[in-house]
Amino acid sequence: MSLRVFLAFPAFVISMYIAEPIPLSAQTSSAEEALIKRARAIHEKVINLDTHIDFAPADLTGERNYTQRLETQFNLPNMIDGGLDALFFSIYVGQTREAQNPDAFTSAGYERAYKLALEKFDAVQRFTREIAPDKIELALTAADVRRIHAKGKKVALMGVENGYPLGEDLSRVKEFYDRGARYLSLTHNGHNQLADSHTGERDGWKWNGVSPFGKQVVAELNRLGIMVDVSHASKESMRQTAALSKAPIIASHSAPRALCDVSRNMDDEQLLALKKTGGVIQVFAYSSFIKTTKPDTAERSAALATARKEFNLPNQTGPGQRARFQAALKALPAEHLAQYEKKLIEIDKESPGDPPANLKDFVDHIDYAIKLIGIDHVGISSDFDGGGGVIGWNDAGETFNVTLELVRRGYSEEQIEKLWGGNLLRVMEEVQRVARELQK
Ligand SMILES: [Zn+2]
């Protein structure tokens, strides 16, 4: 096992969370070495594309930015370490509810969201054009992705998460296209003016699917050549979108619901509807949507909190905090780390917890989706800096581990190439071909 595979997680985390121990370098058999070598060769050859990574504009354009190794799951040094080639930066704007802001669905609410979206578009443009143009370049087509990758540069793309900032202005779809958007998800968490969100399973429905304006937006996305993204949409919104769209649709970051029953995921019927459009589900490594874990007992929570306090570690409260926690852990002097490790083993013995999803759980979701809808309709995304948290692929620096696990399960180079971006690029090309037809 190469050092890099273990670097991001100290040994104790691995021992805590992975039931089957991975052989350590000293005992690595020659068969294992050959497998790693083969995986490494495949990883270096194919274009590794991640369709969903969140960011704060300041992390792209501030004094401290993604050219440095920030305490984030994604940044350029991590991307280089992990051999990740391309990513969609998420132009994400959260959903405002009327309960929080009475003007959420008026022009004032839309205007606030629109300004936030523009800030993110501008940040990606500035990062790729002014801050790191020698390292990363913006792609607008599948051909761009291949061209930029062939030059040895990293590839940035943009996808809009949530159609809310469109307001009720259809011309903004074209504006977002011109700014570089190549996918747009109709909703986020909470219903908007375009469609119902998956959160309606808890809150009730607003439109019973896609709104009349949402239908116009889908047609406009098709006409322009922007991929329609159904992640976060309700089942009914998703099914209506699949029927409405004249081009293949995508789920930029979702997982099969059969293996983790949360409304955010997609059931078999939805996956089959997505396949029928020719589209692709980009299975995401968001721990709590890959595996539902039982909450810690009060005893365990208290013991963990005390240990963190003792070693001056941040209180780890959610997936978004994990990168920060990991960075603090890496910064501990070796002696303190060893003491902390000892403490965790004691806590584990006295009050064991339900471990978060690991790489095997994640790849189980990929396997499941492939068995149901076929290798041509499945891809990979991380949801880094908006989630993530899968042990073994918890930052961009650990990206090789995914390829290694795929090779371990017997996937061929051709199959891995499809999963790691080939399918997504095929859909992107098809969406752009349909757009040219529609514009005739
Ligand atoms: Zn999301």
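This write-up is about the structure you can find in this document. Just so you know, these numbers come straight off a predicted model, no measurement behind them. (Residues numbered from 1 in each chain as written. Predicted model: local features only at pLDDT ≥ 70, side-chain atom pairs only at ≥ 80, totals over all residues. Heavy atoms only, no water.)

Brief notes about the coordination of the zinc ion
Item 1. For the zinc ion, the protein coordination sphere consists of Glu161 (OE), His232 (NE2) and His253 (NE2), at 2.0 to 2.2 Å.
Item 2. Counting the intervening residues between successive donors of the zinc ion yields the motif E-x70-H-x20-H. Residue Glu161 is located in strand β4 (residues 154-161), and its partner His253 is located in strand β7 (residues 250-254); the two are separated by 92 residues in the primary sequence. No difference in accessibility class separates Glu161 from His253, as the two residues are buried. (Donors = N, O, S within 2.8 Å, 3.2 Å for Na, K, Ca; no water. Helix = DSSP H or I, 4+ residues; strand = E, 2+ residues; numbered from the N terminus. Buried < 20%, exposed > 50% of the residue type's maximum accessible area, 1.4 Å probe, protein only.)

Description of the packing of helix α3 (residues 30-45) against helix α18 (residues 400-408)
Item 1. Two numbers describe how α3 lies on α18: the axes approach to 9 Å, and their chain directions differ by 120°. In terms of orientation, α3 and α18 fall into the oblique class. Like other packed secondary-structure pairs, α3 and α18 cross with a definite hand, here right-handed. Contacts between α3 and α18 involve Glu32, Leu35, Ile36, Arg38, Ala39, Arg40, Ile42 and His43 from the former and Phe400, Thr403, Leu404, Val407 and Arg408 from the latter. (Axes fitted to C-alpha atoms, helices over the stretch in contact; angles between N-to-C directions. Parallel < 35°, antiparallel > 145°, perpendicular 65-115°, else oblique. Left-handed = near helix turned anticlockwise from the far one by under 90°. Contact = heavy atoms within 4.5 Å.)

Considerations on the side chain of Asn401
Item 1. Relative to the elements of secondary structure, Asn401 occurs in helix α18.
Item 2. When its relative accessible area of 7% is taken as the criterion, Asn401 is described as buried.
Item 3. For Asn401, the side chain forms a polar contact with the main-chain oxygen of Gly392, separated by 2.8 Å. (Polar contact = N/O pair within 3.5 Å; in protein donor to acceptor, adjacent residues only side chain to side chain.)

Looking at the nonpolar core
Item 1. By size, the foremost hydrophobic cluster in this structure holds 95 residues, and its most contacted members are Phe74, Phe176 and Phe362.
Item 2. With 9 residues, the top contributor of residues to this core is helix α6 (residues 107-131).
Item 3. Discounting chain neighbours no more than four positions away, the residues touching Phe362 are Val283, Phe284, Ala285, Ile290, Ile380, Ser381, Val390, Trp393 and Val402. (Core = buried A, V, L, I, M, F, W, Y, C linked by side-chain atoms within 4.5 Å.)

Remarks on helix α7 (residues 142-150)
Item 1. Buried residues of α7: Ala142, Asp144, Val145, Ile148 and His149, and no others. Seen end-on, α7 carries its buried residues on one side only, within an arc spanning 155°. In α7, the exposed residues that point more than 90 degrees away from the buried face are Ala143 and Ala150.
Item 2. If you follow the buried residues of α7, they end up packed against β1 (49-53), β3 (136-138), β4 and α19 (413-439).
Item 3. Gly152 lies just past α7 and shows a positive phi near 90°. (Arc of directions from axis to C-beta.)

Description of the pattern of salt bridges
Item 1. Tallied over the full model, the rule gives 36 salt bridges.
Item 2. A salt bridge links Arg112 to Asp103; its shortest N-O distance comes to 2.9 Å.
Item 3. Using a relative accessible area of 38% as the deciding quantity, one classes Arg112 as partly exposed.
Item 4. The class of Asp103 is partly exposed, set by a relative accessible area of 23%.
Item 5. Notably, a salt bridge pairs Asp376 with Lys418, separated by 2.7 Å at the nearest N-O pair. Here Asp376, found in the loop between α17 (359-373) and β9 (378-381), pairs with Lys418, found in helix α19; they are 42 residues apart in sequence, far enough to count as distant.
Item 6. For Asp376, a relative accessible area of 30% puts it in the partly exposed group.
Item 7. One continuous salt-bridge network, built from bridges that share partners, spans Glu32, Lys360, Asp364, Asp367, Glu405, Arg408 and Arg409. (Salt bridge = Lys/Arg side-chain N within 4 Å of Asp/Glu carboxyl O.)

Considerations on the side chain of Arg172
Item 1. Assignment of secondary structure puts Arg172 in helix α8 (residues 171-179).
Item 2. Using a relative accessible area of 10% as the deciding quantity, one classes Arg172 as buried.
Item 3. Residues within four places of Arg172 in sequence aside, it is in contact with Tyr110, Glu111, Tyr114, Pro165, Leu166 and Gly167.

Re the environment of Ile249
Item 1. Along the polypeptide, Ile249 turns up in the loop between α11 (235-244) and β7.
Item 2. When its relative accessible area of 0% is taken as the criterion, Ile249 is described as buried.
Item 3. With residues up to four places along the chain from it excluded, the contact list for Ile249 reads Val228, Val230, Met238, Thr241, Ala242, Leu274, Thr277, Gly279 and Val280.

Considering empty space enclosed by the protein
Item 1. Tallied over the entire structure, the rule returns 1 cavity of 30 Å³ or more.
Item 2. Here the largest cavity defines a volume of roughly 40 Å³.
Item 3. In terms of lining residues, the largest cavity is bounded by Val230, Ser231, His232, Ala233, Met238, Ser254, Arg264, Asn265, Met266 and Gln270.
Item 4. For the lining of the largest cavity, a count of residues per class yields 4 nonpolar, 5 polar and 1 charged. (1 Å grid on protein atoms, 1.4 Å probe; cavity = no way out; pocket = protein on both sides within 12 Å on 5 of 7 lines; lining within 4 Å. Points joined across faces, edges and corners; volume = space filled by probe spheres on them. Nonpolar A, V, L, I, M, F, W, Y, C, P; charged D, E, K, R; others polar.)

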